[in-house]
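Results of the structural survey
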There are 2 protein chains.
Amino acid sequence: MIKKILFSSFVLFTVLAYAGAKPKYVFLFIGDGMSTPQRMVAEEFSVKIGEGELAMNRMPYQVNTRTKSSNSIITDSAASATAMACGEKTNNGMVGLAPDGRRLESVAEVAKKSGKKVGIITTVTIVHATPAGFYAHRRKRGQTYQIALDLIASGFDYFAGGGVGGRHDEKKDPEYRGNVFDLARAAGYNVVDSREGWAALKPGSRSWSYFAKGAMDFSIDADGSQPSLADLVEKGIEVLDNKDGFFMMCEGGKVDYAGHANDAATSIRDVIALDKAVKVALAFAEKHPQDTLVMVTGDHETGGMSLGFAGTGGKFKVELLAGQKCSAEHFSSVIKDMLKKNPKLEFEKVQPLITEKFGLVFTDDRSNPMRVRSAERKLLKNAFEKDRGYVKKQVADTTAHDVGRRYVFASTVKNVLAAHAGIGWSSGSHTALPTLTTAQGAGADIIVGMQDNTDIAIRLKKILSK
Amino acid sequence: MIKKILFSSFVLFTVLAYAGAKPKYVFLFIGDGMSTPQRMVAEEFSVKIGEGELAMNRMPYQVNTRTKSSNSIITDSAASATAMACGEKTNNGMVGLAPDGRRLESVAEVAKKSGKKVGIITTVTIVHATPAGFYAHRRKRGQTYQIALDLIASGFDYFAGGGVGGRHDEKKDPEYRGNVFDLARAAGYNVVDSREGWAALKPGSRSWSYFAKGAMDFSIDADGSQPSLADLVEKGIEVLDNKDGFFMMCEGGKVDYAGHANDAATSIRDVIALDKAVKVALAFAEKHPQDTLVMVTGDHETGGMSLGFAGTGGKFKVELLAGQKCSAEHFSSVIKDMLKKNPKLEFEKVQPLITEKFGLVFTDDRSNPMRVRSAERKLLKNAFEKDRGYVKKQVADTTAHDVGRRYVFASTVKNVLAAHAGIGWSSGSHTALPTLTTAQGAGADIIVGMQDNTDIAIRLKKILSK
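Here is a short report on the structure shown in this document.

What counts, and where the lines are drawn
- Residues numbered from 1 in each chain as written.
- Chains lettered and ligands numbered in written order.
- Predicted model: local features only at pLDDT ≥ 70, side-chain atom pairs only at ≥ 80, totals over all residues.
- Heavy atoms only, no water.
- 1 Å grid on protein atoms, 1.4 Å probe; cavity = no way out; pocket = protein on both sides within 12 Å on 5 of 7 lines; lining within 4 Å.
- Points joined across faces, edges and corners; volume = space filled by probe spheres on them.
- Nonpolar A, V, L, I, M, F, W, Y, C, P; charged D, E, K, R; others polar.
- Helix = DSSP H or I, 4+ residues; strand = E, 2+ residues; numbered from the N terminus.
- Core = buried A, V, L, I, M, F, W, Y, C linked by side-chain atoms within 4.5 Å.
- Buried < 20%, exposed > 50% of the residue type's maximum accessible area, 1.4 Å probe, protein only.
- Contact = heavy atoms within 4.5 Å.
- Least-squares fit on C-alpha atoms with pLDDT ≥ 70 in both.
- Axes fitted to C-alpha atoms, helices over the stretch in contact; angles between N-to-C directions.
- Parallel < 35°, antiparallel > 145°, perpendicular 65-115°, else oblique.
- Buried area = accessible area lost by both parts, 1.4 Å probe.
- Salt bridge = Lys/Arg side-chain N within 4 Å of Asp/Glu carboxyl O.
- Polar contact = N/O pair within 3.5 Å; in protein donor to acceptor, adjacent residues only side chain to side chain.
- Expected span 1.5 Å × (residues − 1).

Attention now goes to empty space enclosed by the protein. Taken as a whole and judged by the stated rule, the model has 7 cavities of 30 Å³ or more. Size it by volume and the largest cavity reaches roughly 100 Å³. Pro37 and Met305 of chain A together with Pro37, Met305 and Leu433 of chain B are, among the 16 residues lining the largest cavity, the residues nearest its centre. By residue class, the composition of the lining of the largest cavity is 8 nonpolar, 6 polar and 2 charged. Considering only enclosed or pocket space, the second largest cavity measures out at about 70 Å³ in volume. Where the lining of the second largest cavity is concerned, the elements lending two or more residues are β2 (61-65) of chain A together with β2 (61-65) of chain B. It is β2 of chain A that contributes the most residues to the lining of the second largest cavity, 3 residues altogether. Here the residues of the lining of the second largest cavity sort into 9 nonpolar, 2 polar and no charged.

Turning next to the nonpolar core. In this structure, Trp208, Phe247 and Leu460 of chain A together with Phe247 and Leu460 of chain B are the most contacted members of the largest nonpolar core, which totals 111 residues. Every residue in contact with Phe247 of chain B, bar those within four places of it in the chain, is listed here: Val26, Leu28, Val107, Ala108, Ala111, Lys117, Val118, Gly119, Phe134, Leu460 and Leu464 of chain B. If you look at the next biggest cluster of nonpolar residues, it comprises 91 residues, including Met40, Val255, Tyr407 and Phe409 of chain A.

Rotating chain B by 180 degrees and translating it 0.0 Å along the rotation axis places it on chain A, where the RMSD comes to 0.0 Å. The relationship between the two copies is best expressed as a two-fold rotation axis. Counting the interface residues of chain B, we find that 100% of their copies in chain A are interface residues as well, pointing to one common contact surface.

Okay, the packing of helix α3 (residues 77-86) of chain B against helix α16 (residues 453-464) of chain B next. All names here are of chain B. Contact pair α3 / α16: the axes reach a minimum separation of 5 Å and the direction vectors enclose 25 degrees. Taken together, α3 and α16 sit at an angle that is classed as roughly parallel. Along its contact with α3, which presents Ser80, Ala83, Met84, Ala85 and Cys86, the element α16 presents Asn453, Thr454, Ile456, Ala457 and Lys461. When its residues are assigned to classes, the contact of α3 with α16 shows 6 nonpolar, 3 polar and 1 charged.

Attention now goes to the interface of chain B and chain A. Taken together, the contacts link 58 residues of chain B with 58 residues of chain A. When chain B packs against chain A, the two sides together hide about 4500 Å² of surface, and 62% of this comes from carbon and sulfur. On inspection of chain B and its partner chain A, the count reaches 4 salt bridges. The partner of Glu44 of chain A in a salt bridge is Lys68 of chain B, and the shortest N-O contact between them spans 3.1 Å. Joining chain B to chain A, the criterion identifies 22 residue pairs in polar contact (both at pLDDT 80 or more). In terms of residues, the side of chain B that touches chain A owes the most to one element, helix α1 (residues 2-18) of chain B, which gives 8 residues. Each residue belonging to the side of chain B that touches chain A can be placed in one class, and the counts come to 26 nonpolar, 20 polar and 12 charged.

Right, let's get into helix α15 (residues 409-421) of chain A. Residues and elements named next belong to chain A. End to end, α15 covers 19 Å across 13 residues, agreeing with the expected 18 Å (1.5 Å per residue, within 8%). Of all 13 residues in α15, 12 are buried; the element is thus mostly enclosed. Residues Phe409, Ala410, Ser411, Thr412, Val413, Lys414, Val416, Leu417, Ala418, Ala419, His420 and Ala421 constitute the buried set of α15. Buried residues belonging to α15 abut α12 (328-341), α13 (347-358), α14 (374-392) and β11 (423-424). Of the residues trailing α15, Gly422 is marked for its positive phi of about 80 degrees.

Enumeration over the complete set of coordinates arrives at 46 salt bridges over all chains. Residue Glu88 of chain B is joined to Arg102 of chain B by a salt bridge in which the shortest nitrogen-to-oxygen separation is 3.1 Å. Residue Glu88 of chain B is found in the loop between α3 and α4 (107-113), and its partner Arg102 of chain B is found in the loop between α3 and α4; the two are separated by 14 residues along the sequence. Judged by its relative accessible area of 30%, Glu88 of chain B falls in the partly exposed class. For Arg138 of chain B, the salt bridge goes to Glu175 of chain B, with nearest N and O atoms at 3.1 Å. A residue pair is termed long-range when its members are at least 10 positions apart, and Arg138 of chain B in the loop between α5 (129-135) and α6 (144-154) and Glu175 of chain B in the loop between β4 (158-161) and α7 (180-186) qualify at 37 residues. In this structure, a network of salt bridges that share partners links the residues Glu43, Glu53 and Arg58 of chain A together with Arg66 of chain B.

What follows is the structure, encoded as structure tokens:
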């Protein structure tokens, strides 16, 4: 009976704390291409290597979030960002606009209007679809120059992450008005392109920091030259904190890249990096328990990832992925460089590198779970010869999205490893699996009854509006 | 502001209705092998064929449920049933006992002890691991005779579903005391083996009804001779309803079989059948809104099902599965019979049957999404020749779990269809993906903060105990 009262009181307290309360500080974390499989694979790995459970998976409130866009069962990041940021469905590729071109208002804009400061953080380019959904209004996600103009016009307070990248020459843009960084400075932004300059940012300053031309590095490839997502959130709290509160959107953008590449270890490390950023927010929430909401979601699933694989008898040994020390994308470029320097490089000479970077062992010891079987060695050797052919013919590089489409060696190495670990993938694209939204803190129960990605914005606006 | 008050009041009401409330009527629905992918694929299909969303997916409270057992990351149904029924982890294969053999108490036993009536329903054998978790206490799930003894000893009020099946001769069981149905009758059970006898059951009677020797038919193969899960729940309510309330566990057991066989259309139809049973419970809940809790979960995921497939460019057209009219298992037996009767049967003669039973069309019209491409036709023909070889050699039948392992033709047909529909599968076994638990009604918020399958029992016991 006492237990029952305590239990009821707990539930009652959680809700009473929300009823009428409007948290001043709202964190929204988004893993691009991250749904339940990515989150659970990363957690299982983290537990196995002794780093414990993921905070994002242990939040009291959880809900599945449907993602379909106006014109497709399988959404892209632009339509999903628009839905989560603005609360309405749009077509794939559109940012901050309804399918008919009507301008939509984002939760970040609502927060700004109600006197809060706003931070936008991502590991990919800052003009990428997901962050853009919170400040831009454009028909095509590829209009990156125009999206950057919207960034400047937003007047938001803290932009940090990758650069502007983009495939087109900004000078050819019909709306060209000058270099976007120059325009940002003219509009009062402190534009920073170094880790040192960013670290020196003062509270209250309006800043735009970038640490790469395009996307930032995968966490698994990090060499310390770029801040981590956790660093970016920690600094964000420092510069944004004020009596009226703030809204911060933080995206782990490259989980999606790892999903397209079907690169499980790389996905895991980026999900864990996002979770470390979540933990920074939770530490802040501990200091302001009545005033802070932390929410974590994804925009869609990428890759059709599974926790178990037919090729390994349905076993799931995710800890074996600890052997992988770099992304398949990075490894591919290393191999290409080696083949350029020495076109006659023998496969046998590369074997030690496979062991060093992926933990796969060329041994006769059948009890070693990382042993490369003879059929696998054949696969690897054939793939290596294909890469040699491409290098010889000077075939252009592939992007992270395409790892394994042309240069197949690095991709084959990580596929062999994934099979040992029992990870399956069914697609190189997005899938229609719902994402997982979790929430903790003041107002976390707003996700009860949520069904759709548009509900995220609809309900956050209740909290963020005046 | 008014909206805000209304919203808060809604949340407050939901919880206040629970605080102190102990619903008299508790329904627990379990889809074996059913997690978010199975539920969402079925919903998308249901929407596309005009039958609307699944009630089980639209419940206000949702949570991911981890499933690992004491001795395996990937659970089996026995360990998971024990966790969900009794609230403690055990080893794969064990039923209602801790790993050290300690007897555990199930929620159904707690309900019975507190004066409620108890119903146990399943589409598979009534002594199968999942239902057994709620009434039996045995070291091995295969001890089906002894599990049946526990069934009789439970004194529960309404057992309905498949038969006792089992692979061993009951007379050779070390605890053999006589035929289980005879023993049940002697213990006061009304044992019924016909649809008519079952329909005639009166409220308050103690009954054990079975409609097949082993498992019941897949929904997609149903010919009306067996009641549906919805029928079984409806009758269950009729016979169990009393002033002290009841606890009813209803399992959709063959979703798992369809998962092992990677048979998407068959999975979908069984998930929809389970949802129709859920809707019967929800209709009852509408009449007793303050007294009824409806919860839906799964014991594990089977198959690594994905909503999108590389082989079809990541497309997801689940509606194409409407073309499939029978399970691959059933189709396989049809083909075998045909080949037995006519060992020289030509593949071309079977093509019309493929079209009739799976909707795949042999046509030159490239705009037809169901067109069998030439490479696919080759696959099908080769598979058909393999089956012919097996029939000739009189190789033994495979079980539903093994569809595609020996006799490959039916499996190849459904694989070709699945590829058209954009469904991927990564495993023929269970996976470690968490399941999805949803709840609606009085006390539904007990699932807030749940993380693990043991939490289901731990929290249901709060409601079901005196």
